[in-house]
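Chain and residue survey
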Amino acid sequence: MSAEIMELSPAAAKRLRIASLVRKETRQIIRDPSSIAIGVVLPLMLILVFGYGLSLDVKDVPVAVVVEEASPEAMELLASFRLSPYFLATSVSSMAQAERLMLAREVDGVVRIRQDFSRNVYGGQPEVQVLVHGTDANHARIVENYALAAVGQWAARQAAEGKTMPAGAATVDERLWFNEANESRWFLVPGLVVLIMTLIGAMLTSLVMAREWEHGTLEALFVTPVRPGEILLGKTIPYFVLGMMGLVLCVLAARFLFDVPLRGSLAALTAASMLYLLIALAIGLLISSTFRSQFVASQITMLVTFLPALMLSGFLFDLRSMPLAVRLLTYLLPARYYVTLLQTIFLAGDVWSVLLPNAAVLTVMAAGLLLMTRRVMRKTLD
Amino acid sequence: MLDAVLRVIALVHKELLAILKDPRSRFSLLIPPILQCLIYGYAATYDLNDVPFAVLDRDRSAASHELLARLDGSPEFERAANFDRLADLKASIDNRRALLGIQIDEDFERKLYAGVPAEIQVLADGRNSNTAGTALGYVGAIVQQFNADWRSEHGQGSPSIEVVIRAWYNPNLETRWHMIPSLVGTLTLLQTLLLTAMSVAREREQGTFDQLLVTPYRPSEIMIGKALPSMLIGLLQATNVLLVAQLWFHIPFAGSFVVLYVVLSVFLLAAVGLGLLVSSVVATMQQAMLFSFMLMMPFALLSGLTTPISSMPRVLQWFTYINPLRYAIELVQRIYLEGTGLVQLLPEVWPLAAIAAVTLPIAAWMFRNKLT
């Protein structure tokens, strides 16, 4: 074997060495059920959980409507809550009863129509009291807005019927761009691509080098003619392929299972994803060749890649609302740029003024991280 | 019996040493949860501030200025730009300079005086429809206030209906109050699961598990020896998160610590049971990590941490009944924010005990059958 390699030109020998490393790594992936699990089962599971399970859309919120007087005005307001698709209204007669339901969390809100409501509608200050269960603040705020809307609709109906309702007020005509249906799935599924890419890229590779260090097989590799850069390539290529498979799965599911529109080009999507995958792989390899212990590497990877991709990337929580220190931190996270790219490519289209700057940052990060990984590898070899 | 206790104590001691002796592993167990708690306490919020909005004011009247001034004056909004053409307004949303585009037509003020509905158009960037919905809600509230004031100043019509809103348990509706108590369960489960699964897998991978087998330990003693240290470390981490919640974020604690720790212990028993179950089926540390991760993902996502359980489809809601994190989050929130007592919490505590009662014997059985 070595004689054969000696006869080859240096470039051909290099190719051969890389190819055999890739072959070895691929076999290792295929033989270990956990790699297949993370490459195929995990993406599928996440796609289903995200697509079907996660939703920030609020529907059928159980509320108790306390009707303290049986006037037509109060009944119509009750009907307004009953008819709203956002509420499941049950009417109760006393506040005490409503409070009991709220304490038992059988309802998420209480609407109280007081005894003097109808009298106050005609001259006075009519008041509707809304209590929301505030434990989940986001949910509570949405419920609050819907309650306001339900009362507003009632007022509009009253006005339309010629009752003395205030007219001539500013009204808001809302339009939600890029997500006309107001479906949270439309931004959750592109975010899912980010999570899967991070998982396959960083989690899996972070263990790979550390394992070779722990088992001492990396030292065995050193005595072969293989160069550090070639080891890196040999480790990167198979996982890169695995990651791209995950991407294909996600895009297919997004497009055909969940009907998320893909308004940008497939080319832009692929290019952005390849860039991000390279970064994730480089981070994984960097962590595992720095820490050389599978346990520590796994903890660090979780801390610096997966959780930030979930919480600090702008995928769930709006970045602009974070305090300055945290916001500055997010600029260091590749996931932030990738989320922006994906949300734009999926929902808005190829908006180059967004795509180019974000892609440029990712390119710089990829180059920097790959160089750093190579340095760490070389240092350990000396 | 005393022998068994002494043996278990020795094993627990050895296990704690193995975990805590290495400074890197000590660091990775103690510092990350605190850091995460701090970062997510600030970051994980659905509340918005400084929402950038762009304006196309065709009216340029006193009324339109008054309305826009209210937006400028609120801490939630920040004007990013003024435009004269609709195309520019649209472009500013496209390239993310503005989250909202507000368009006021030239007859806005005239309509207001005439007493006919005066419409303003609000375009929102729906790339994250949740953020957009919240921002639109803020606009609605400001416009409502504007209307009320306008009417009382200009003596139009009867006073509008006032909707008085109060939120229980979280008066300012801060997401943080929801998030940090949830993190007590989430971070503890994550690390306890990993720690338990990895500690057995490490011994398997390094061959020291076989050595343990030739000692007089019974399989159940080995299991207890592996379970107790993880539980202790889990309690320590939960305490750290609680300290951050109270000392740093000043979220008021409404309940009883005794109840909280009793509940946490039951929860940790379930978590350790799951960890041991994972460790009994895996051969290497990589497998241990990946499998515990595959359990952790659906647990975390379908627990009510980030999205409400009531918005999930029925089938997945059923799944949440076997999810220990679902109970942990609900329990910690109810104890922490609502001050609920143990008796009312029992419906959520017994499923945790049931999970522990199922996973621990199965894990023990798997150990025994692998050992012989």
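Reading guide: rules and limits
Residues numbered from 1 in each chain as written. Chains lettered and ligands numbered in written order. Predicted model: local features only at pLDDT ≥ 70, side-chain atom pairs only at ≥ 80, totals over all residues. Helix = DSSP H or I, 4+ residues; strand = E, 2+ residues; numbered from the N terminus. Buried ≥ 20, exposed ≤ 12 C-beta atoms within 10 Å, placed from the backbone. Contact = placed C-beta atoms within 7 Å. Axes fitted to C-alpha atoms, helices over the stretch in contact; angles between N-to-C directions. Parallel < 35°, antiparallel > 145°, perpendicular 65-115°, else oblique. Left-handed = near helix turned anticlockwise from the far one by under 90°. Nonpolar A, V, L, I, M, F, W, Y, C, P; charged D, E, K, R; others polar. Pairing = 2+ DSSP bridges. Expected span 1.5 Å × (residues − 1). pLDDT = per-residue confidence, 0-100.

1. Let's talk about the overall build of chain A
Counting its regular elements, chain A contains 15 helices and five strands. Burial statistics for chain A: of 382 residues in total, 47% are counted as buried. For chain A, the proportion of contacts with a sequence separation of at least 24, taken over those separated by at least 6, is 80%.

2. A few points about the interface of chain A and chain B
At the junction of the two partners, chain A supplies 92 residues and chain B supplies 96 residues. At the level of elements, helix H3 (33-53), strand E4 (127-133), helix H7 (137-160), strand E5 (170-177), helix H8 (185-215), helix H12 (294-311), helix H14 (334-348) and helix H15 (352-381) of chain A are the ones that each hand at least two residues to the side of chain A that touches chain B. When residues in the side of chain A that touches chain B are grouped by element, the largest group, 12 residues, is from H7 of chain A.

3. Points about the packing of H8 of chain A against helix H10 (residues 228-257) of chain A
Residue and element names in this part refer to chain A. As a packed pair, H8 and H10 sit with axes 10 Å apart at the nearest point and diverge in direction by 160 degrees. By the angle between their axes, H8 is roughly antiparallel relative to H10. Considering how the two elements wind past one another, H8 and H10 form a crossing that is right-handed. In this structure, H8 contributes Val189, Leu192, Val193, Ile196, Met197, Ile200, Gly201, Leu204, Thr205, Val208 and Met209 to the contact, and H10 contributes Lys235, Tyr239, Leu242, Gly243, Gly246, Leu247, Cys250 and Ala254. A per-class count over the contact of H8 with H10 returns 14 nonpolar, four polar and one charged.

4. Description of the pairing of E4 of chain A
All names here are of chain A. Most of E4 sits inside the fold, with five of its seven residues counted as buried. Of the strand pairs in this sheet, strand E3 (residues 109-113) and E4 are connected by five bridges, and their pairing is antiparallel. Counterpart to Val111 in the pairing with E4 is Val130.

5. Re helix H9 (residues 219-248) of chain B
Compared with an ideal rise of 1.5 Å per residue, which puts 30 residues at 44 Å, H9 of chain B spans 43 Å between its outermost C-alpha atoms and is within 8% of the ideal. Looking at the residues trailing H9 of chain B, positive phi occurs at His250 of chain B, about 55 degrees.

6. Comments concerning the environment of Ala197 of chain B
Residue and element names in this part refer to chain B. In this structure, Ala197 sits in helix H7 (residues 175-206). Ala197 sits in the buried class, given 31 other C-beta atoms within 10 Å. The contacts of Ala197, once residues within four sequence positions are left out, are Gly275, Val278, Ser279, Ala288 and Ser292.

7. Re the confidence of the model for chain A
Close inspection of predicted coordinates is inappropriate for parts of the model with low pLDDT. For chain A, the mean per-residue pLDDT works out to 81, and 90% of the residues sit at or above 70. Taken element by element, chain A is modelled with least confidence in helix H1 (residues 2-7) of chain A, mean pLDDT 56, and with most confidence in helix H11 (residues 266-291) of chain A, mean pLDDT 91.

8. Re the confidence of the model for chain B
All names here are of chain B. Mean pLDDT over chain B works out to 84, with 94% of the residues at or above the 70 mark. Averaged pLDDT values for the elements of chain B fall to 64 in strand E5 (residues 162-168) and rise to 92 in helix H10 (residues 257-281). Scored by ipTM, the complex comes to 0.73, with pTM at 0.77.

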